[in-house]
Amino acid sequence: TERTLVLVKPDGVSRGLTGAILARVEAKGYRLAALEQLTPGRELLAEHYAEHEGKPFYEPLLEFMASGPVVAAIFEGERVIEAFRSLAGATDPTVAAPGTIRGDFGRDWGLKVQQNLVHGSDSPESAEREIAIWFSA
Ligand code: GTP
Ligand code: MG
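Not measured: the values here are computed from a predicted model. (Residues numbered from 1 in each chain as written. Chains lettered and ligands numbered in written order. Predicted model: local features only at pLDDT ≥ 70, side-chain atom pairs only at ≥ 80, totals over all residues.)

### Let's talk about the nonpolar core
Working step 1: Counting residues in hydrophobic clusters, the biggest one holds 27 residues, and the most contacted among them are Val6, Phe75, Phe84 and Val118.
Working step 2: Within the residue set of this core, elements represented by two or more residues are strand 1 (3-8), helix 2 (18-28), helix 4 (58-65), strand 3 (70-76), helix 5 (80-88) and helix 7 (124-134).
Working step 3: With six residues, strand 3 is the single largest residue contributor to this core.
Working step 4: Contacts of Phe75, omitting those with residues within four sequence positions, involve Thr4, Val6, Val25, Tyr30, Arg31, Leu32, Ala33, Val80 and Phe84. (Core = buried A, V, L, I, M, F, W, Y, C linked by C-beta atoms within 7 Å. Buried ≥ 20, exposed ≤ 12 C-beta atoms within 10 Å, placed from the backbone. Helix = DSSP H or I, 4+ residues; strand = E, 2+ residues; numbered from the N terminus. Contact = placed C-beta atoms within 7 Å.)

Structure representation (C-alpha cells):
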C-alpha cells in the first residue's frame with residue numbers, strides 16, 4: 001500500500017497545530033504508520049530539499065526548517081500521496097483554499113510562502129526517498 005511522508009514544519013509545531021493537522025489525515029481514513037519529532041540538521045535538510053538547491057529561497061528555507069522541532073509522520077493507504085496534497089492545499093497559505101490545512105491555519109507572516117505548515121511527498125518515488133531520509137534508523 002502507498003505511503004507518504006508528512007512533515008509538520010516548525011511554524012505548525014510551535015503554534016501547537018500538530019494534533020489538529022494529523023487528526024485531519026487520520027479522520028480522512030489514512031493510517032498513521034510512524035511518528036517522530038526532531039529538530040533537523042542542515043545535512044538532513046539539504047538531502048530532503050536537494051531539488052531546490054540554488055533557488056533563491058533555498059537558504060532561507062533551510063534556515064527556517066532548522067529553526068525548531070519538526071514532526072515527521074508516515075501515513076499509508078490507497079492514493080494517500082494525492083490525498084494529503086489535497087488536504088494541504090496550495091503552497092501559498094494566503095490564497096490556499098479554505099478547508100485545506102494551509103488555507104485554514106496559514107497566512108503570510110513576512111516570509112512569503114515559506115511558513116506553510118506542512119510538507120507532503122509529491123510522488124511514490126519522492127515518498128520512499130524522503131521516508132528513508134527522515135526515518136533512517
Ligand atoms: P507544493 O507547492 O504544493 O508542491 O508544496 P511544496 O511544499 O512541495 O512546495 P515546493 O516543493 O515547491 O517548495 C518547497 C517549499 O519551499 C515550500 O513548501 C515552501 O515552504 C518553500 N518555497 C517554495 N517556493 C518558495 C518561494 O517562492 N519563496 C519562499 N520563501 N519559499 C518558497
Ligand atoms: Mg515539493
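### Here's the deal with the UniProt feature "active site" (unreviewed entry) in the chain
Working step 1: When the UniProt feature table is mapped onto this chain numbering, "active site" (unreviewed entry) sits at His119.
Working step 2: One can find His119 in strand 4 (residues 118-120).
Working step 3: Residues within four places of His119 in sequence aside, it is in contact with Leu7 and Lys9. (UniProt positions renumbered as here; feature names shortened; annotations may be inferred.)

### Digging into the sheet that holds strand 2 (residues 31-38)
Working step 1: Strand order in this open sheet of four strands is 2-3-1-4, and the pairing throughout is antiparallel. The open sheet is flanked by strand 2 and strand 4, the only strands paired with a single partner. In this sheet, neighbouring strand axes are inclined to one another by 15° on average, regardless of whether the strands run parallel or antiparallel.
Working step 2: Two elements, strand 2 and strand 3, share seven bridges in a ladder whose sense is antiparallel. Within the sheet, the bridge partner assigned to Arg31 lies in strand 3 and is Glu76.
Working step 3: The sheet strands contacting helix 5 are strand 1, strand 3 and strand 4, and the helix crosses strand 1 at an angle near 25°. (Pairing = 2+ DSSP bridges. Axes fitted to C-alpha atoms, helices over the stretch in contact; angles between N-to-C directions.)

### Overview of helix 2
Working step 1: What helix 2 keeps buried is the set Ile21, Leu22 and Val25. One face of helix 2 carries all of its buried residues, which in axial projection span an arc of 90°. Turned more than 90 degrees away from the buried face of helix 2 sit Gly19, Ala23, Glu26 and Ala27, all of them exposed.
Working step 2: Once helix 2 ends, the next one or two residues include Gly29, with phi positive near 120°. (Arc of directions from axis to C-beta.)

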